[in-house]
Amino acid sequence: MRELAERTIDDRGLLNDNAGSARRARSVTVNLAESPLAWLRSRGLVDARQFEAGERLRADYETAQLGPRVTMRWEATPVARGRRAADAPLDPSLAQIAAKRRFDEAVAAAGPGLSDILWRVVCAGEGLPMAEKALGWPVRSGKLVLGLALDRLAAHYRLP
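The paragraphs below set out a description of the structure included in this document. Note that the coordinates shown come from a computational prediction; the quantities given were computed from them, not determined experimentally.

## A short note on the side chain of glutamine 50
On the secondary structure map, glutamine 50 appears in helix H2 (residues 48–64). Judged by its relative accessible area of 8%, glutamine 50 falls in the buried class. Ignoring any residue separated from it by four or fewer positions in sequence, one finds glutamine 50 in contact with Leu45, Gly147, Leu150 and Asp151.

## Looking at the nonpolar core
Ranked by internal contacts, the top residues of the largest apolar core, which has 25 residues, are Leu57, Ile117, Leu118, Leu146, Leu150 and Leu153. Secondary structure elements with two or more residues in this core: helix H1 (36–42), H2, helix H4 (92–110), helix H5 (115–123), helix H6 (128–135) and helix H7 (142–156). The biggest single contributor to this core is H7, with 6 residues. Ignoring anything within four residues of it in the chain, the contact list for leucine 146 reads Leu40, Ile117, Leu118, Val121 and Leu128.

## Overview of the packing of H2 against H5
For the pair H2 and H5, interaxial distance at closest approach is 10 Å and the crossing angle is 80°. Between H2 and H5, the angle is such that the two are roughly perpendicular. On H5, the residues touching Gly54, Leu57, Arg58 and Tyr61 of H2 are Leu118, Trp119, Val122 and Cys123. When its residues are assigned to classes, the contact of H2 with H5 shows 6 nonpolar, 1 polar and 1 charged.

## Looking at the pattern of salt bridges
Applying the stated rule across the entire model yields 7 salt bridges. For aspartate 60, the salt bridge is made with arginine 102, and the minimal N-O distance between the two is 2.8 Å. Residue aspartate 60 is located in helix H2, and its partner arginine 102 is located in helix H4; the two are separated by 42 residues in the primary sequence. Taking relative accessible area as the criterion, aspartate 60 reaches 5% and is therefore assigned buried. Overall, arginine 102 belongs to the partly exposed group, its relative accessible area being 31%.

Basis of the calculations
Residues numbered from 1 in each chain as written. Predicted model: local features only at pLDDT ≥ 70, side-chain atom pairs only at ≥ 80, totals over all residues. Heavy atoms only, no water. Helix = DSSP H or I, 4+ residues; strand = E, 2+ residues; numbered from the N terminus. Buried < 20%, exposed > 50% of the residue type's maximum accessible area, 1.4 Å probe, protein only. Contact = heavy atoms within 4.5 Å. Core = buried A, V, L, I, M, F, W, Y, C linked by side-chain atoms within 4.5 Å. Axes fitted to C-alpha atoms, helices over the stretch in contact; angles between N-to-C directions. Parallel < 35°, antiparallel > 145°, perpendicular 65-115°, else oblique. Nonpolar A, V, L, I, M, F, W, Y, C, P; charged D, E, K, R; others polar. Salt bridge = Lys/Arg side-chain N within 4 Å of Asp/Glu carboxyl O.

In structure tokens:
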């Protein structure tokens, strides 16, 4: 089943729900039903805070997995002067390194017992039954452990 929705993304490529916050907003069509976390959210098994934490982790994971550019970049090199230098978007390889660092910190904050289910469901896109089976857990225990992991992740991201 496909649930298509338009989302705006900011200069760093992160999803942004309010289009007015990004100066140069671009939009993409996303399938809301493709993520196990979105499936859990649509059924009320994961709250908004947990969902946001999981989406941040997945965004960092996906950004960290991008390979460096191996072809010529044809856009002009921006000249950064004064205060705008801090607002300039990161180079793709620097963005990858920063995302890898953020991902590693978030997984470490979740802890060794909870990071396994986080990675399997949020990053690898496995469903809860598959993750429970792979980890050797009893049936229907993954929902509880994933909830704890997402709560710890939300605390790491300091989400309200």
